Amino acid sequence: MNGELIDRVVPTRYWHALEDGRVQCDLCPRFCRIKEGQRGMCFVRACQGGEIVLTTYGRSSGFCIDPIEKKPLNHFLPGTPVLSFGTAGCNLTCKFCQNWDMSKSREMDTLADAAEPETIALAAETLGCRSVAYTYNDPVIFHEYAIDVAQACRERGLKSVAVTAGYICPEPRLEFFQWMDAANVDLKGFTEDFYHKLCSGHLQPVLETLEYLVRETKVWVELTTLLIPGENDSDAELESMTQWVVEHLGPDVPMHFTAFHPDYKMLDHPRTPLATLARARALAIKNGVRYAFTGNVHDEDGESTYCHACGQKLIGRDWYRLSDWNLTADGRCNRCGTVCAGVFEPTPGQWGDRRQPVRLRDFAA
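As the structure is a computational prediction, the values presented were derived from the model and not from experiment.

A. A look at the sheet that holds strand β4 (residues 33-34). What the three strands build is an open sheet, ordered β2-β3-β4; its pairing is antiparallel. Edge positions in the open sheet fall to β2 (15-17) and β4, since each of these has one partner strand only. Across two bridges, strand β3 (residues 23-25) lies against β4 in antiparallel orientation. For Val23, the partnering residue across the bridge sits in β4 and is Ile34.

Written as structure tokens, this is what we have:
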């Protein structure tokens, strides 16, 4: 590829024809039923020639090298750089979306960068990244493209990271996550009412994805919940959520409680105070979550990792910059020897808190 914008569609597998002439997309629990020429809710999957196709293969809204902690992943290759990219569209309609300019976009002009899978993998390797992240919008909806990129990355020894809401059906879920090495799953709330009212979705499919990932795959999983004042931040909901996580996923799955800021269709809600995040973190720890974090605020205590056995600070964090490092080469507390759950290398990366935009055309053949 010479870096010129790619404009093509690719066939997909997860759909079936209906008797009334429409086709049903079976990728996610929305099960969009569409006619020839129509697009699904996600915007990027459409009916063409009597089948569902992906219309945005090879096109991205932009590329940037981030610290892995920004995904957020605190226990997956800490301190290392990750090449991040997304496309356009989403299969949920969250009124509080913090990336709405990309995830809610219905403009093809948003997809300004040509990006073949092999080019992405080459760029990541050349720039010293340890992984590639499918983020900014949900990679579930560009399923085929994300898998091809992940395959190209694996051939070069690079890891793949999915930042996702986990809203996907069982069969495509199995195929998608066999190519992922880590996932941050956005557990948006813990009531059906929240998902229905604010996301036009359902809670149960997300819980099923989480149980599948933790019980049946080797994908490293962390959870993020954006706490919105008055919507999903009550003690009762946080108690139920954190108890469910420990019971169904185990105590070693890290949980991130992050601050909401007024955006998109929820400009009438205030920012989340640090006290709310600290309360959520304390409830999680009380209920047995070993690694709970605050996010989107400056809170060194809430951002850092502590040994659940002796309390020593294992990994210090100041925003996205690492400070303390008290893990042994095999990922244990250097004071008491307790294993810290995660995917660690003998020494941390040194990327820091930099954010570096990348032009993929510089790497295209």
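Following the structure, the description resumes.
B. Expanded view of the sheet that holds strand β9 (residues 81-85). Read across the open sheet, the nine strands follow the order β16-β15-β14-β13-β12-β11-β9-β8-β20; overall the sheet is mixed. Every interior strand has two partners, whereas the edge strands, β16 (292-295) and β20 (356-358), have only one. Along the sheet, successive strands turn relative to each other by an average axial angle of 25°, direction set aside. Examined bridge by bridge, strand β15 (residues 255-259) and β16 share four bridges and lie parallel to one another. Note on β16: the bridge partner recorded for Phe257 is Thr294.

C. Quick peek at the packing of helix α7 (residues 235-249) against helix α8 (residues 274-286). Between α7 and α8, whose axes approach to 9 Å, the crossing angle comes to 40°. Taken together, the axes of α7 and α8 lie oblique to each other. Two packed elements cross with a definite hand, and for α7 against α8 that hand is right-handed. Note on element contacts: α8 touches α7 through Arg279, Ala280, Leu283, Ala284 and Lys286, opposite Asp235, Leu238, Glu239 and Thr242. Its residues assigned to classes, the contact of α7 with α8 comprises four nonpolar, one polar and four charged.

D. Region of the structure containing the side chain of His143. Note on placement: His143 falls in helix α3 (residues 143-155). Taking relative accessible area as the criterion, His143 reaches 1% and is therefore assigned buried. Not counting residues within four places of it along the chain, the set of residues in contact with His143 comprises Tyr14, Leu27, Arg45, Ile168, Pro172, Glu175 and Phe176.

Thresholds applied
- Residues numbered from 1 in each chain as written.
- Predicted model: local features only at pLDDT ≥ 70, side-chain atom pairs only at ≥ 80, totals over all residues.
- Heavy atoms only, no water.
- Pairing = 2+ DSSP bridges.
- Helix = DSSP H or I, 4+ residues; strand = E, 2+ residues; numbered from the N terminus.
- Axes fitted to C-alpha atoms, helices over the stretch in contact; angles between N-to-C directions.
- Parallel < 35°, antiparallel > 145°, perpendicular 65-115°, else oblique.
- Left-handed = near helix turned anticlockwise from the far one by under 90°.
- Contact = heavy atoms within 4.5 Å.
- Nonpolar A, V, L, I, M, F, W, Y, C, P; charged D, E, K, R; others polar.
- Buried < 20%, exposed > 50% of the residue type's maximum accessible area, 1.4 Å probe, protein only.

Purely geometric numbers; function is a separate question.
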